[in-house]
Amino acid sequence: AQSVTQLGSHVSVSEGALVLLRCNYSSSVPPYLFWYVQYPNQGLQLLLKYTSAATLVKGINGFEAEFKKSETSFHLTKPSAHMSDAAEYFCAVRPNQGAQKLVFGQGTRLTINP
Amino acid sequence: NAGVMQNPRHLVRRRGQEARLRCSPMKGHSHVYWYRQLPEEGLKFMVYLQKENIIDESGMPKERFSAEFPKEGPSILRIQQVVRGDSAAYFCASSPATNEKLFFGSGTQLSVL
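Computed from a predicted model, the values in this text were never measured in an experiment.

(A) Spatial organisation of the overall build of chain B. If you tally the helices and strands in chain B, you get zero helices and eleven strands. Expected size for 113 residues packed as a compact globule is a radius of gyration near 13 Å; at 13 Å, chain B falls within 12% of this value. Projected onto the principal axes, the alpha-carbon positions of chain B cover approximately 35 × 25 × 25 Å. Counting all 113 residues of chain B, 43% fall into the buried class.

Here it is in structure tokens:
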């Protein structure tokens, strides 16, 4: 069975500081991995996805994530936080074959301090 | 091109009543997924439908819950005889094909009194 663990339900950083949101996964087959962002009162938006091509994946809004098989991790980073990055972030995994039956982590709420 | 539309945005029901949640996928999308988000938890897969067919309902509770995606009209998630534990945000997502990107709606927040 696949699972996702996001370390830290709340992360707070200063504007301009590095953002690091942690995600570890377990999967018995090579996975597809995703990061989604949820702004208040909105649905989830795809930030980026890993599909077994390049291990460093660049997404929208300056975010990127690195797939590390040895660590079973897919941490999300952004060099310089902006106030508009304040949102809930979800890591998700699914098999690389088959339908979009995603398994989500519990989410990390990112707060940006001015 | 409108996104995935869910309504109502908020739904309040008393215990024992029925809840009907609607989802209109993006234009041209024939695949619909329902997810449930309980407080302080991530989204949990419930059911995957294509037009007139339930493809995977492994995440649906065995009783009181049902889903449909008719040939015409929106997908409906129906919860009969609601209980307080059904209170959650229910999200619908659609895609044009099996392995294509998912587009999520803004969700329906169900509150059971």
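Next comes the rest of the description.
(B) Seen up close, the interface of chain B and chain A. Each side of the interface is counted separately: chain B has 21 residues, and chain A has 17 residues. Roughly 1600 Å² is buried in total at the junction of chain B and chain A, and carbon and sulfur atoms are behind 54% of that figure. Here chain B and chain A share one salt bridge between them. The closest approach of N and O atoms between Lys101(A) and Asp56(B), which form a salt bridge, is 3.3 Å.

(C) Geometry of the nonpolar core. Within the largest apolar cluster, 27 residues are counted, with the highest numbers of intra-cluster contacts made by Trp35(A), Phe74(A), Leu76(A) and Tyr89(A). When residues of this core are traced back to their parent elements, those giving at least two are strand E2 (10–14), strand E3 (19–26), strand E4 (31–38), strand E5 (44–50), strand E7 (64–68), strand E8 (73–78), strand E9 (87–95) and strand E11 (108–113) of chain A. Excluding anything up to four places from it in sequence, Phe74(A) contacts Cys23(A), Leu33(A), Phe34(A), Trp35(A), Leu48(A), Tyr50(A), Val57(A), Ala65(A), Glu66(A) and Phe67(A). Val32(B), Met46(B), Val82(B) and Cys92(B) belong to the second-largest nonpolar core, a separate cluster that totals 23 residues.

(D) Here's a closer look at the sheet that holds strand E3 (residues 19–24) of chain B. All names here are of chain B. Spatial ordering of the open sheet is given by E1-E3-E8-E7, a layout of four strands whose pairing is antiparallel. Either end of the sheet is taken by a strand with one partner, and the two such strands are strand E1 (5–7) and strand E7 (65–68). Neighbouring strand axes in the sheet, compared pairwise and without regard to direction, differ in orientation by 15° on average. Relative to strand E8 (residues 75–79), E3 runs antiparallel, the two sharing five bridges.

(E) The sheet that holds strand E6 (residues 56–58) of chain A, seen in detail. Residue and element names in this part refer to chain A. Read across the open sheet, the five strands follow the order E1-E3-E8-E7-E6; overall the sheet is antiparallel. Two strands lie at the open edges of the sheet, namely strand E1 (3–7) and E6, each paired on one side alone. Neighbour-to-neighbour, the strand axes of this sheet turn through a mean angle of 20°, independent of strand direction. Pairing of E1 with E3, which is carried by five bridges, proceeds in the antiparallel orientation. Residue pairing across strands places Leu 7 opposite Arg 22, the latter belonging to E3.

(F) Molecular detail of the packing of aromatic side chains. All names here are of chain A. The tally for this structure, following the rule as stated, stands at 13 aromatic pairs over all chains. Between Phe 90 and Phe 104, the aromatic rings sit 6.3 Å apart at their centres with planes inclined by 85°, giving edge-to-face as the arrangement. Of this pair, Phe 90 sits in strand E9 while Phe 104 is found in strand E10 (residues 103–104), placing the two residues 14 residues apart along the sequence. Both residues of the pair, Phe 90 and Phe 104, count as buried.

(G) Structural detail: the pattern of salt bridges. If you walk through the whole model with that rule in mind, you get eight salt bridges over all chains. Salt-bridge contacts for Glu64(A) lead to Lys58(A); the nearest nitrogen and oxygen are separated by 2.8 Å. By relative accessible area, Glu64(A) is classed as partly exposed at 23%. Residue classification places Lys58(A) among the exposed positions, given a relative accessible area of 63%. Notably, a salt bridge pairs Glu41(B) with Lys44(B), separated by 3.6 Å at the nearest N-O pair. Where salt bridges share partners, they join Glu18(B), Arg20(B) and Arg78(B) into one cluster.

What counts and how
- Residues numbered from 1 in each chain as written.
- Chains lettered and ligands numbered in written order.
- Predicted model: local features only at pLDDT ≥ 70, side-chain atom pairs only at ≥ 80, totals over all residues.
- Heavy atoms only, no water.
- Helix = DSSP H or I, 4+ residues; strand = E, 2+ residues; numbered from the N terminus.
- Rg over C-alpha atoms; globule rule 2.2 N^0.38 Å.
- Buried < 20%, exposed > 50% of the residue type's maximum accessible area, 1.4 Å probe, protein only.
- Contact = heavy atoms within 4.5 Å.
- Buried area = accessible area lost by both parts, 1.4 Å probe.
- Salt bridge = Lys/Arg side-chain N within 4 Å of Asp/Glu carboxyl O.
- Core = buried A, V, L, I, M, F, W, Y, C linked by side-chain atoms within 4.5 Å.
- Pairing = 2+ DSSP bridges.
- Axes fitted to C-alpha atoms, helices over the stretch in contact; angles between N-to-C directions.
- Phe/Tyr/Trp six-rings, centres within 6.5 Å; stacked < 30°, edge-to-face > 60°.

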